[in-house]
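Coordinates in review
What follows is the residue order along each chain.
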Amino acid sequence: VELCRLCRKAGHKPLNGWCITMVALAMLAPWFASTHGKAALTQINPSLGHLASLDAHLLWIAILGVGFIYVWRQQTDGAIAHLGVSLLVILYIGFLGSFIVRLRCWQPGPEGSWVLLASVAAIKLTDIAAYFTGMAIGKTPLIVKVSPKKTWEGTIGGVLVAGLASTLFLGVLIPKFNPGNLVSGLNLMQAFVFGVVMGGIGQIGDLAESLFKRDSGAKDSAKIVPEFGGVLDVIDSPLFGIPVAWGLLHWWVG
C-alpha cells in the first residue's frame, strides 16, 4: 500500500488491489510448497495440496493479470509506465519479500528461525551502526542525490558491525545452541563474510527505496512507525538482503 502510494505521488497508477493480492500470494506460496505447508493443506482438504505448485506459476499470473486489467480498462495513456509500475510493486514487495518466508521454511522448527534471525540481525544492525558511526565521524557523502545524510564512514562502520554480529550468530551462537542447524558448520570467516555481504546489500536496498521517495517527493513512505516512517522504511534493506542470504547459504551448505 505504501509503495503504491509513492508511485501515485510520482504520477503513476498502479493496480492497488491486484498488487496486494499478488504480493499476498507470493508471500504465502513458499509456505504452501514447504513440507509443513503441504501437510497442513492436505490435512485441511486433499485438494488444497495443489497449492504447493502455486510458486511456479505466480510470475505469469501476475503479468497476464496486469495486462488484462489495463486492456479491460482501455487505459492507453501512460500504459507502459503504469503497467511497469504495477509489476514493480509485485516483484519488489512480493517476489523479494517471499525470500523471507523461503529462508524461514528452508529448515523447519528452530533451525529456520535461527537462520532468519541471524540474517535480519546482520542487516538491521548495519542500519543502526551506520547511523551512529555517521553521526560520530561521518564526513564523506556516499550518494548525495539519493540519500544526502549517508556517509562512507557510516556505511563502512555499519558493514563491519554486521560482520561481527554475523560472526557471533553463525560462528558462535548457532553452533552452540542449535548444533543440528545446516549453517552450524560454517567457519568464522564465512560467518564474517556473510555479515559483510548482508550489510552491503542491505544498504543498497535502503538506497533503492530512497529513489522511490525522492521521485515521489516524500520524506518517508508513511508515518505508521514512530521515528522511522512507514513499514517500507523498515523492511527496505531486508527486501534486498534476505534473497542474497538465501542464495549464499544455499551455495555454501547445499
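Structure shown above.
The paragraphs below set out a description of the structure included in this document. (Residues numbered from 1 in each chain as written. Predicted model: local features only at pLDDT ≥ 70, side-chain atom pairs only at ≥ 80, totals over all residues. Heavy atoms only, no water.)

As enumerated under the stated definition, the model contains 6 salt bridges in all. A salt bridge links Lys 124 to Asp 127; the nearest nitrogen and oxygen atoms lie 3.0 Å apart. Remark: Asp 127 and Lys 124 occur in helix α6 (residues 110–137); sequence separation between them is 3 residues, near one turn of the helix. The class for Lys 124 is partly exposed, based on a relative accessible area of 22%. The buried category is assigned to Asp 127, whose relative accessible area is 17%. In this structure, Asp 233 and Lys 213 form a salt bridge, with 3.0 Å as the shortest nitrogen-oxygen distance. A residue pair is termed long-range when its members are at least 10 positions apart, and Asp 233 in helix α9 (residues 231–253) and Lys 213 in helix α8 (residues 188–216) qualify at 20 residues. Here Asp 233 matches Lys 213 in class, with each residue buried. (Salt bridge = Lys/Arg side-chain N within 4 Å of Asp/Glu carboxyl O. Helix = DSSP H or I, 4+ residues; strand = E, 2+ residues; numbered from the N terminus. Buried < 20%, exposed > 50% of the residue type's maximum accessible area, 1.4 Å probe, protein only.)

The end-to-end C-alpha distance of helix α4 (residues 58–73) is 22 Å, a good match for the 22 Å that 16 residues give at a rise of 1.5 Å each. Among the residues of α4, those classed as buried are Leu 58, Ala 62, Gly 65, Val 66, Ile 69 and Tyr 70. An end-on view of α4 places all buried positions within 120° of arc, on one side of the element. Away from its buried face by more than 90 degrees, α4 exposes Leu 64, Phe 68, Val 71 and Trp 72. On the buried face of α4, the contacting elements are α2 (16–33) and α5 (79–106). In the stretch just after α4, Gln 74 is the one whose phi turns positive, near 55°. (Expected span 1.5 Å × (residues − 1). Arc of directions from axis to C-beta. Contact = heavy atoms within 4.5 Å.)

A few words now on the pairing of strand β2 (residues 147–151). Two strands pair when backbone bridges link them, and strand β1 (residues 141–143) and β2 are joined in this way by 2 bridges, in the antiparallel orientation. Across the sheet, the residue bridging to Ile 143 is Ser 147, located in β2. The antiparallel hairpin formed by β1 and β2 contains 3 residues in its connecting segment. (Pairing = 2+ DSSP bridges.)

Before going further, it helps to spend a moment on the packing of aromatic side chains. Pairs of aromatic rings are described using the distance from one ring centre to the other and the angle between the two planes. Inspection of the entire model under this criterion finds 7 aromatic pairs. Ring geometry for Phe 95 and Phe 99: centres 5.4 Å apart, planes at 90°, overall edge-to-face. Placement of both Phe 95 and Phe 99 in helix α5 is noted, with a separation of 4 residues, approximately one turn of the helix. In this structure Phe 95 comes out as partly exposed when scored by relative accessible area, which is 44%. One aromatic cluster is present, formed by Tyr 92, Phe 212 and Phe 240 through successive ring pairs. Directly above the aromatic system of Phe 99 lies the positively charged group of Arg 102, at a separation of 4.9 Å from the ring centroid. (Phe/Tyr/Trp six-rings, centres within 6.5 Å; stacked < 30°, edge-to-face > 60°. Lys NZ or Arg CZ within 6 Å of the ring centre and 35° of its normal.)

Now for the layout of surface pockets. Which parts of space are left empty comes out when a probe the size of a water molecule is rolled across the atoms. Here the largest pocket defines a volume of roughly 1,100 Å³. For the lining of the largest pocket, the secondary structure elements donating two or more residues are α6, β2, α7 (152–177), α8 and α9. For the lining of the largest pocket, the per-class residue count stands at 8 nonpolar, 8 polar and 13 charged. If you add up the space inside the second largest pocket, you get close to 210 Å³. Considering the residues around the second largest pocket, the lining is formed by Val 1, Glu 2, Leu 3, Cys 4, Cys 19, Ile 20, Val 23, Val 89, Ile 93, Val 231, Leu 232 and Ile 235. Grouping the constituent residues of the lining of the second largest pocket by class yields 11 nonpolar, no polar and 1 charged. (1 Å grid on protein atoms, 1.4 Å probe; cavity = no way out; pocket = protein on both sides within 12 Å on 5 of 7 lines; lining within 4 Å. Points joined across faces, edges and corners; volume = space filled by probe spheres on them. Nonpolar A, V, L, I, M, F, W, Y, C, P; charged D, E, K, R; others polar.)

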